[in-house]
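Here is what each chain is made of, one letter per residue.
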Amino acid sequence: SYPAWLDGPRHAQPFRQIVRTLGSGLSVCWRRRPLRRVLVESMAFEGLYKSSKDYIQPVIQFAVVAIPVATWLSGAQRSAVAISAVAMFISLCSSVASRRAGRLTDRAGSDQRAGRWLWAADLTSFAIMGVGIALGVPVVIVVAFVALAIVQNLWKPILVSRVATLCDAEHTATVLSVNSQACSLFVVVAAPLIGWSVDSIRVMVADTGAIAWWRFAPLAALGLLVSLAMIAWRQPRQAEGPCEAAGPGVA
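Numbers given for residues are sequential positions, taken from 1 along each chain in its written order. Under the rules for a predicted model, residues below a pLDDT of 70 receive no local features and side-chain atom pairs below 80 are neither given nor counted, while totals for whole chains, interfaces and linings still include all residues. Just so you know, side-chain values use all the structure's heavy atoms and leave hydrogens and water out.

Further remarks concern the side chain of serine 51. Segments assigned H or I by DSSP are reported as helices when at least four residues long, segments assigned E as strands when at least two residues long, and all are numbered from the N terminus. In this structure, serine 51 sits in helix H2 (residues 33-52). Per-residue accessibility, obtained with a 1.4 Å probe over protein chains only, is compared with the maximum for each type, and a residue is labelled buried under 20%, exposed over 50%, and partly exposed between these values. According to the relative accessible area criterion, serine 51 is buried, its value standing at 5%. In protein, a polar contact requires one atom able to donate a hydrogen and another able to accept it; more generally it is a pair of N or O atoms within 3.5 Å, and residues adjacent in sequence count only if both atoms are side-chain atoms. A polar side-chain atom of serine 51 sits 2.7 Å from the main-chain carbonyl oxygen of glycine 47. Contact definition: two residues touch when any of their heavy atoms are within 4.5 Å. Not counting residues within four places of it along the chain, the set of residues in contact with serine 51 comprises Phe186, Val187, Ala190, Ala191 and Ile194.

Before going further, it helps to examine the confidence of the model for the protein chain. Confidence along the protein chain averages 78 in pLDDT terms, with 74% of residues attaining 70 or more. Counting interchain partners and residues more than four positions distant, the pLDDT-below-50 stretch residues 238-251 has 31 contacts. Scored from 0 to 100, pLDDT reflects the predictor's confidence in each residue.

Let's shift gears to helix H6 (residues 111-135). Across its 25 residues, H6 extends 36 Å between first and last C-alpha, which sits within 8% of the 36 Å expected from 1.5 Å per residue. Among all positions of H6, only Asp111, Gln112, Ala114, Gly115, Leu118, Trp119, Asp122, Ser125, Phe126, Met129, Gly132 and Ile133 are buried. Lining the buried residues of H6 we find H2, helix H5 (101-108), helix H7 (138-166) and helix H9 (217-232). Immediately beyond the C-terminal end of H6, within one or two residues, lies glycine 136, with a positive phi of roughly 70°. An expected span of 1.5 Å times one less than the residue number is assigned to each helix.

This part takes up the packing of H6 against H9. Lines fitted to the C-alpha atoms define the axes, with helices restricted to the stretch that makes contact. Angles between their N-to-C directions range from 0 to 180 degrees. As a packed pair, H6 and H9 sit with axes 9 Å apart at the nearest point and diverge in direction by 155°. Here H9 runs roughly antiparallel to H6, going by the angle between their axes. As for the relative orientation of H6 and H9, their crossing is left-handed in sense. Contact residues: Arg116, Trp119, Ala120, Asp122, Leu123, Phe126, Ala127, Met129, Gly130 and Ile133 in H6; Ala217, Leu219, Ala220, Gly223, Leu224, Val226, Ser227, Leu228, Met230 and Ile231 in H9. Here the residues of the contact of H6 with H9 are counted per class, giving 15 nonpolar, three polar and two charged. Note on terminology: angles under 35 degrees are roughly parallel, angles over 145 are roughly antiparallel, angles of 65 to 115 are roughly perpendicular, and the others are oblique. Put simply, a crossing is left-handed when the front helix is turned counterclockwise from the back one by less than a right angle, and right-handed when it is turned clockwise. All residues other than Ala, Val, Leu, Ile, Met, Phe, Trp, Tyr, Cys, Pro, Asp, Glu, Lys and Arg, Gly among them, are scored as polar; the first ten of these are nonpolar and the last four charged.

What follows concerns H5. The set of residues buried in H5 consists of Ala101, Leu104, Thr105 and Ala108. Axial view of H5: buried residues confined to an arc of 100°, hence all on one face. Opposite its buried face, H5 presents the exposed residues Arg103, Asp106 and Arg107, each directed more than 90 degrees away. Immediately downstream of H5, the backbone of glycine 109 shows phi near 100°, a positive value. The arc refers to the directions leading from the helix axis to the C-beta atoms.

To continue, consider the packing of H2 against H6. Direction vectors running N to C along H2 and H6 enclose 25°, while the axes themselves pass 12 Å from each other. Considered as vectors, H2 and H6 are oriented roughly parallel to each other. When the axes of H2 and H6 are compared, the crossing they make is left-handed. Judged by residue contacts, Arg37, Glu41, Ala44, Phe45, Leu48 and Ser52 of H2 engage Arg116, Leu118, Trp119, Asp122 and Phe126 from H6.

A few words now on the packing of aromatic side chains. For Phe, Tyr and Trp, where Trp contributes only its six-membered ring, two rings pair if their centres lie within 6.5 Å, and the inter-plane angle classes them as stacked under 30 degrees, edge-to-face over 60, or tilted in between. Taken as a whole, this structure holds three aromatic pairs when the rule is applied. Arranged with centres 4.9 Å apart and planes meeting at 75°, the rings of phenylalanine 45 and tryptophan 119 form a pair that is edge-to-face. Pair noted here: phenylalanine 45 is in helix H2 and tryptophan 119 is in helix H6, with a separation of 74 residues, a long-range link. Residues phenylalanine 45 and tryptophan 119 agree in their burial class; the two are buried. Measuring from ring centre to ring centre gives 5.9 Å for tryptophan 119 and tryptophan 155, while their planes differ by 70°; the resulting arrangement is edge-to-face. On the criterion of sequence distance, the pair formed by tryptophan 119 in helix H6 and tryptophan 155 in helix H7 is long-range, its members being 36 residues apart.

As structure tokens, this is what we get:
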């Protein structure tokens with residue numbers, strides 16, 4: 001059902017030209033500071049979410065054991081029902097968030113400012129997660145995961161808009177592809193580090209009572225650290241506008 005006319009005019013290109021286009025796109029990503037800033041932000045934002053989102057399942061499993069609900073079901077059945085319900089709720093909230101991203105930008109006044117608002121929301125979500133971990137309240141931790149999913153789905157459309165603003169149409173696809181690979185690179189580094197930290201804490205502390213929740217502390221700690229670093233990072237003086245106007249020497 002995808003209309004072919006949206007692809008625009010398509011012409012066969014020699015392999016050499018394809019390589020030149022790719023090289024030009026990579027050069028744009030590296031030389032233009034406002035665009036480079038957006039890609040680093042996205043790498044951290046999306047990579048952080050992808051590295052931590054799957055830990056919601058063990059959190060829910062622990063919560064099911066701690067909260068005596070639907071006791072006529074086995075532990076595995078209660079976990080399956082709870083995880084499915086939370087996943088459905090996250091999907092519904094995420095779809096609504098994606099549709100409302102434009103309203104957030106309008107309210108913020110620009111895509112750049114909306115991005116800073118989302119970093120503040122990310123920081124708040126990880127802070128809430130930290131509070132839930134410290135107090136041993138699983139519902140609070142799950143709420144933090146839901147909030148992170150909503151913020152992530154607000155971030156993606158705004159990211160595409162920021163890239164389109166800072167980059168000409170010829171390089172947009174290449175820049176978004178570079179962004180995707182950069183996010184994967186962040187996950188490659190962060191996911192094993194988080195997993196090792198969680199496993200290490202599980203071995204170090206007794207797996208009883210509220211102390212069991214401390215194993216998830218690395219998630220909140222890394223999220224707070226990255227969010228604070230991105231918020232503290234000074235914005236370029238010209239972070240909006242097309243690439244042609246900004247030029248490679250923007251400071």
